[in-house]
There are 2 protein chains.
Amino acid sequence: MEQHARTDAYTDRYAARAAGMVPSEIRALFAVVSRPEIVSLAGGAPYVSALPLDIVGDMIGDLVAGRGAEVLQYGSAQGDAELRERICEVMALEGIRASAEDVVVTVGAQQALDLITKIFIDPGDVILAEAPSYVGALGTFASYQADVVHVPLDEGGLIPAALRETLDRLAREGRRVKFLYTVPTFQNPAGVTLTAARRSQILEICAEHDVLIIEDNPYGLLDGDPMRAMRADDPERVIYLGSFSKTIASGLRVGWVLAPHAVRAKLVLAAESATLCPSNFSQLAVREYLNTQPWREQIKNFRELYRERRDAMLDALETQMPGGCTWTRPAGGFFVWLTLPEGLDSKAMAPRAIAERVAYVPGTGFYADGSGRRQMRLSYCFPEPHRIREGVRRLAGVVEQEIRLRDTFGGAGSSIPNGVEAPGPHVV
Amino acid sequence: MEQHARTDAYTDRYAARAAGMVPSEIRALFAVVSRPEIVSLAGGAPYVSALPLDIVGDMIGDLVAGRGAEVLQYGSAQGDAELRERICEVMALEGIRASAEDVVVTVGAQQALDLITKIFIDPGDVILAEAPSYVGALGTFASYQADVVHVPLDEGGLIPAALRETLDRLAREGRRVKFLYTVPTFQNPAGVTLTAARRSQILEICAEHDVLIIEDNPYGLLDGDPMRAMRADDPERVIYLGSFSKTIASGLRVGWVLAPHAVRAKLVLAAESATLCPSNFSQLAVREYLNTQPWREQIKNFRELYRERRDAMLDALETQMPGGCTWTRPAGGFFVWLTLPEGLDSKAMAPRAIAERVAYVPGTGFYADGSGRRQMRLSYCFPEPHRIREGVRRLAGVVEQEIRLRDTFGGAGSSIPNGVEAPGPHVV
């Protein structure tokens with residue numbers, strides 16, 4: 001009782017925004033997915049073991065021994081100047097022309113999301129996001145009390161007509177839309193890519209409604225012939241987020257944001273108050289890697305590795321999954337988005353799937369409005385192809401059993417409660 | 001004009017809290033202090049070159065080559081479990097008994113400050129802080145629209161009677177005090193240490209008024225016989241912040257927060273939405289260093305190095321500074337806090353000091369209320385002793401000239417405008 005009283009005492013002290021920070025019911029499930037007997041199709045961890053670890057180790061060891069006074073010291077809040085130059089060269093592969101002055105290095109692109117939300121969002125402001133959308137972004141938006149309004153996507157990405165309709169409706173309602181958040185290439189979780197034609201249309205619609213665009217592009221360079229970034233065509237409207245998590249290594253936590261000059265200045269101040277400066281240790285490791293290692297070839301290796309895994313997953317889904325299931329066919333990236341037959345519930349099914357030694361992320365985490373009960377995200381980035389096939393085989397068995405249960409006891413769908421659900425960014 | 005109009009357009013989009021994020025007038029000055037001809041007594045950068053860089057480089061190279069799959073991968077939002085065990089052992093040196101379950105690893109202690117402020121502070125909530133207080137904390141508090149109320153300190157640290165008086169007054173005014181923020185040991189910027197007797201008194205006063213305490217202790221282990229932490233005597237009231245920036249290396253950006261269990265849970269959720277997880281690359285480097293290197297001996301080396309520099313500074317001040325100046329005599333840490341004679345203004349004097357090739361941080365940055373015009377922070381952590389002596393010699397010359405100007409043209413003090421001033425955490 002004493003303990004309970006203390007807990008209540010803290011609750012009374014929290015800021016209003018803390019009410020939006022609640023652990024997910026499915027968190028406990030994820031504690032077990034690292035067990036070797038479980039095939040996890042849940043996490044979004046890149047396969048960093050594909051890096052030449054001996055060579056990278058030597059490179060970093062030499063860097064610390066030779067330039068430790070810089071590598072181990074505080075840096076500037078905006079990030080290392082030379083690294084920002086390299087980042088501009090990386091972005092040039094997507095048609096972006098930018099000055100290193102307008103780049104801010106962040107603790108992963110996640111921090112960029114946090115800082116952008118912090119400087120733009122007052123409680124109740126509207127953010128538009130794809131339906132479904134990246135779970136980590138939804139968590140950040142909730143932590144600043146944003147009101148997320150979803151806009152549907154299909155195999156060609158965000159649907160322009162739906163965006164226009166939503167913006168018109170919100171304008172009629174007199175609601176302020178601060179920005180559109182989108183992952184245009186190899187979307188997380190849907191795996192789809194926004195077509196070039198739609199990119200132009202969406203830029204146009206957002207210009208008409210004077211809405212900023214946050215273009216989050218962690219997977220773009222995993223395309224052999226990278227799509228032209230939206231930022232390339234509207235430097236004043238688009239704030240671009242990039243990351244080395246998928247092209248080098250996620251454990252370094254180095255991402256960046258490219259923003260219009262005035263916004264960049266605010267972001268640097270926000271970054272200072274959040275973390276003082278990004279780690280020089282990580283930043284200079286990335287800088288050295290880009291300066292001395294064949295990074296383009298390594299990205300090609302990653303791309304081929306993930307393509308093989310994607311093919312394994314799509315093939316296994318095709319041959320194993322029972323009728324009534326549908327799924328996206330991504331051209332690249334990490335994820336397939338699967339829709340279960342009517343009457344099935346991916347969240348209710350999750351514990352049974354884990355009992356059968358396969359894990360996925362239920363779809364509800366990717367919506368701010370309680371949708372996604374019939375959906376799930378399947379990732380193919382980390383397990384090896386034979387494990388992916390085995391995982392899909394197990395999953396198909398679970399789904400078949402659920403279908404039998406549904407047919408025996410009637411549709412479970414009607415009894416599913418609504419509610420916002422965020423599993424938290426541990427699933428990336 | 002077009003450019004100007006766009007800038008205004010962004011301004012209109014920002015959140016209310018962004019209004020508190022403004023660059024300091026003295027920022028431009030700091031751009032030049034890294035020039036070799038200038039003796040900088042401004043920065044708070046530790047002297048990381050004192051580390052055995054070859055050995056540390058080898059250690060890290062081997063770590064990446066041997067355990068790259070873990071080192072370069074995402075980790076948990078709370079931080080590496082084994083590192084959290086080591087952190088508990090470090091805190092035990094200050095009398096703290098804690099479970100690794102209640103530790104959250106952060107991107108430097110700065111992120112801990114940010115997360116604590118985010119979960120506790122609604123706009124207008126009161127935070128108590130020493131006068132003067134750590135500039136980086138004031139920036140974070142401002143970014144969440146806190147109302148900072150200062151409580152004076154003297155050579156024995158925060159003054160208990162003044163704390164009680166302030167709390168009584170705020171209670172009469174019906175204002176909610178969320179927490180007291182304090183750097184009890186080798187305070188930044190004042191250099192003073194809170195006495196053991198006062199620690200008990202302050203715990204008692206805060207218990208009476210039911211106010212939480214944020215104990216920020218980056219310098220504590222630089223004491224040969226570390227003071228008992230306030231957290232050691234009240235685990236439910238005190239949230240403790242620690243950092244490896246001064247005991248290992250600042251460029252790793254590894255700090256932590258130890259909080260009551262319920263608060264810890266909120267902090268993990270806030271950390272996830274802010275940066276997903278701290279860098280495994282940095283965390284496992286720290287873990288390996290603590291596991292394999294003589295870290296206690298290295299701290300002793302740092303301590304002796306800083307003591308020599310402190311003695312150089314105190315000796316130079318004693319012999320060089322003109323009458324009318326007073327300063328603190330720190331038992332350890334990085335900083336001396338100097339008060340100029342009446343009528344002098346440390347901020348107005350800063351450009352003239354830089355012209356004479358010496359830099360310091362004007363006192364105004366360490367107050368949220370425009371105080372500190374006669375004060376300055378002098379750091380002795382980074383320059384070598386002979387440079388410190390030379391810097392103080394130059395500074396003394398500048399002050400002498402200011403005194404002559406004052407005596408010729410009358411007190412400049414009366415013409416000094418008031419106003420909040422935050423130089424930003426680039427001065428740490």
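Reading the values: the criteria
- Residues numbered from 1 in each chain as written.
- Chains lettered and ligands numbered in written order.
- Predicted model: local features only at pLDDT ≥ 70, side-chain atom pairs only at ≥ 80, totals over all residues.
- Helix = DSSP H or I, 4+ residues; strand = E, 2+ residues; numbered from the N terminus.
- Rg over C-alpha atoms; globule rule 2.2 N^0.38 Å.
- Buried ≥ 20, exposed ≤ 12 C-beta atoms within 10 Å, placed from the backbone.
- Contact = placed C-beta atoms within 7 Å.
- Nonpolar A, V, L, I, M, F, W, Y, C, P; charged D, E, K, R; others polar.
- Least-squares fit on C-alpha atoms with pLDDT ≥ 70 in both.
- Domains from an automatic or database assignment.
- Pairing = 2+ DSSP bridges.
- Right-handed = clockwise from strand over helix to strand, strands pointing away.
- Expected span 1.5 Å × (residues − 1).
- Arc of directions from axis to C-beta.
- Axes fitted to C-alpha atoms, helices over the stretch in contact; angles between N-to-C directions.

Here's the deal with the overall build of chain A
So, point 1. Counting its regular elements, chain A contains 14 helices and 14 strands.
So, point 2. A compact globule built from 428 residues should have a C-alpha radius of gyration of about 22 Å, and chain A, at 22 Å, falls within 12% of that.
So, point 3. Its C-alpha atoms give chain A principal-axis dimensions of roughly 65 × 60 × 55 Å.
So, point 4. Looking at chain A as a whole, 57% of its 428 residues are labelled buried.
So, point 5. Long-range pairs, those at least 24 residues apart, make up 78% of the contacts in chain A with a sequence separation of at least 6.

Focus on the interface of chain B and chain A
So, point 1. Contacts between the two partners involve 74 residues from chain B and, on the opposite side, 75 residues from chain A.
So, point 2. Listing elements by their share of the side of chain B that touches chain A, those giving two or more residues are α1 (2-13), α3 (53-71), α5 (108-120), α6 (135-143), α10 (261-275) and α11 (280-292) of chain B.
So, point 3. Examining the composition of the side of chain B that touches chain A, we find that 13 residues originate from one element, α3(B), more than from any other.
So, point 4. Class assignment of the residues belonging to the side of chain B that touches chain A gives a composition of 37 nonpolar, 23 polar and 14 charged.

Quick word on the relation of the copies chain B and chain A
There are two copies of the chain, and a rotation about an axis plus a shift along that axis relates them.
So, point 1. Superposing chain B onto chain A takes a rotation of 180° plus a shift of 0.0 Å along the axis, which leaves an RMSD of 0.0 Å. Within this description, the copies of the chain are treated as partners about a two-fold rotation axis. Every residue of chain B has its C-alpha some distance from the rotation axis, and the shortest such distance is that of Gly61(B), at 2.0 Å.
So, point 2. Most of the interface of chain B is mirrored in chain A, where 100% of its interface residues are also at the interface.

Here's the deal with the domain arrangement of chain A
Quoted interface sizes are often the accessible area lost when the parts come together.
Residues and elements named next belong to chain A.
So, point 1. When cut into domains, chain A gives domain 1 (16-45 + 297-427) and domain 2 (71-292).
So, point 2. Here domain 1 and domain 2 have C-alpha centroids that lie 25 Å from each other.
So, point 3. Listed per partner, the contact involves 33 residues of domain 1 and 29 residues of domain 2.
So, point 4. Mapped onto the side of domain 1 that touches domain 2, the elements with two or more residues apiece are α12 (295-320), β11 (335-339) and β14 (375-379).

Here's the deal with the sheet that holds strand β13 (residues 361-362) of chain B
So, point 1. On the basis of which strands lie adjacent, the open sheet formed by 4 strands has the order β10-β11-β14-β13 (chain B) and antiparallel pairing. With one partner strand each, in any of the chains shown, β10 (326-327) and β13 of chain B form the two edges of the open sheet.

Some thoughts on the environment of Arg357(B)
All names here are of chain B.
So, point 1. When you line up the elements, Arg357 lands in the loop between α13 (346-355) and β12 (358-359).
So, point 2. Put simply, Arg357 and Leu395 are 38 residues apart on the chain and 8.7 Å apart in space, counted from C-alpha to C-alpha.
So, point 3. In this view, Arg357 contacts Glu37, Ile38, Val39 and Arg394; residues no more than four positions away in its chain are not counted.

What to know about the pairing of strand β3 (residues 126-131) of chain B
Residues and elements named next belong to chain B.
So, point 1. The buried fraction of β3 amounts to 6 of the 6 residues, a majority that puts the element mostly inside the structure.
So, point 2. Pairing geometry for β3 and strand β4 (residues 147-154), over 6 bridges, is parallel. Directly across from Glu130, in β4, lies its bridge partner Val151.
So, point 3. Taking the sense of rotation as the criterion, the β-α-β connection linking β3, α6 and β4 turns out right-handed.
So, point 4. In this structure, β3 lies alongside strand β6 (residues 177-182), joined through 4 bridges in parallel fashion.

Brief notes about helix α8 (residues 196-208) of chain A
All names here are of chain A.
So, point 1. For α8, with 13 residues, the first-to-last C-alpha span of 19 Å sits near the 18 Å given by 1.5 Å per residue.
So, point 2. Listed as buried for α8 are Arg198, Arg199, Ile202, Ile205 and Cys206. Burial along α8 is one-sided: seen end-on, the buried residues are contained in an arc of 130°. Of the exposed residues in α8, those oriented more than 90 degrees away from the buried face are Ala196, Ala197 and Glu208.
So, point 3. Of the surrounding elements, those touching the buried residues of α8 are β5 (157-158), α7 (160-172), β6 (177-182) and β7 (212-216).
So, point 4. Of the residues flanking the end of α8, it is Asp210, one or two places downstream, whose phi is positive at about 50°.

So, helix α13 (residues 346-355) of chain A
All names here are of chain A.
So, point 1. Taken residue by residue, α13 has Ser346, Lys347, Met349, Ala350, Ala353 and Ile354 as its buried positions. Along the long axis of α13, the arc covered by the buried residues comes to 140°, so they all point the same way.
So, point 2. One or two steps after α13, the chain reaches Arg357, where phi turns positive at roughly 70°.

Regarding unusual backbone geometry
So, point 1. At the junction of Ala131(B) and Pro132(B), the peptide bond is cis and its omega measures out at 0° in the coordinates.
So, point 2. Here Pro132(B) is to be found in the loop between β3 and α6.
So, point 3. For the peptide bond that leads from Asn188(B) to Pro189(B), omega is 15°, which places it in the cis range.
So, point 4. Inspection of the secondary structure assignment puts Pro189(B) in the loop between β6 and α8 (196-208).
So, point 5. Residues other than glycine seldom take positive phi values, yet Phe186(A) does so here, at roughly 50°.
So, point 6. The residue Phe186(A) is located in the loop between β6 and α8 in this model.
So, point 7. Classification of Phe186(A) as buried rests on a count of 25 C-beta atoms within 10 Å.
So, point 8. Its identity is not glycine, yet Asp210(B) carries a phi of approximately 50°, on the positive side.
So, point 9. Locating Asp210(B) in the fold gives a position in the loop between α8 and β7 (212-216).
So, point 10. By C-beta crowding, Asp210(B) is classed as exposed, having 11 other C-beta atoms within 10 Å.

Points about the sheet that holds strand β3 (residues 126-131) of chain A
Residues and elements named next belong to chain A.
So, point 1. The 8 strands lie next to each other as β2-β9-β8-β7-β6-β3-β4-β5, forming an open sheet whose pairing is mixed. The open sheet has two edge strands with one neighbour each: β2 (103-106) and β5.
So, point 2. Strand direction decides the pairing type here: strand β8 (residues 238-243) and strand β9 (residues 255-258), joined by 4 bridges, are antiparallel. Note that in β9 the partner of Ser243 across the bridge is Gly255.
So, point 3. Along the sheet, α7 makes contact with β3, β4 (147-154), β5 and β6, crossing β4 at roughly 155°.
So, point 4. Contacts from helix α10 (residues 261-275) reach β2, β8 and β9 within the one sheet, and its direction differs from that of β2 by about 25°.

Some words on the environment of Ser200(A)
So, point 1. Among the structural elements, Ser200(A) can be located in helix α8.
So, point 2. Considering only alpha carbons, one finds Ser200(A) and Tyr219(A), 19 residues apart in sequence, at a separation of 20 Å.

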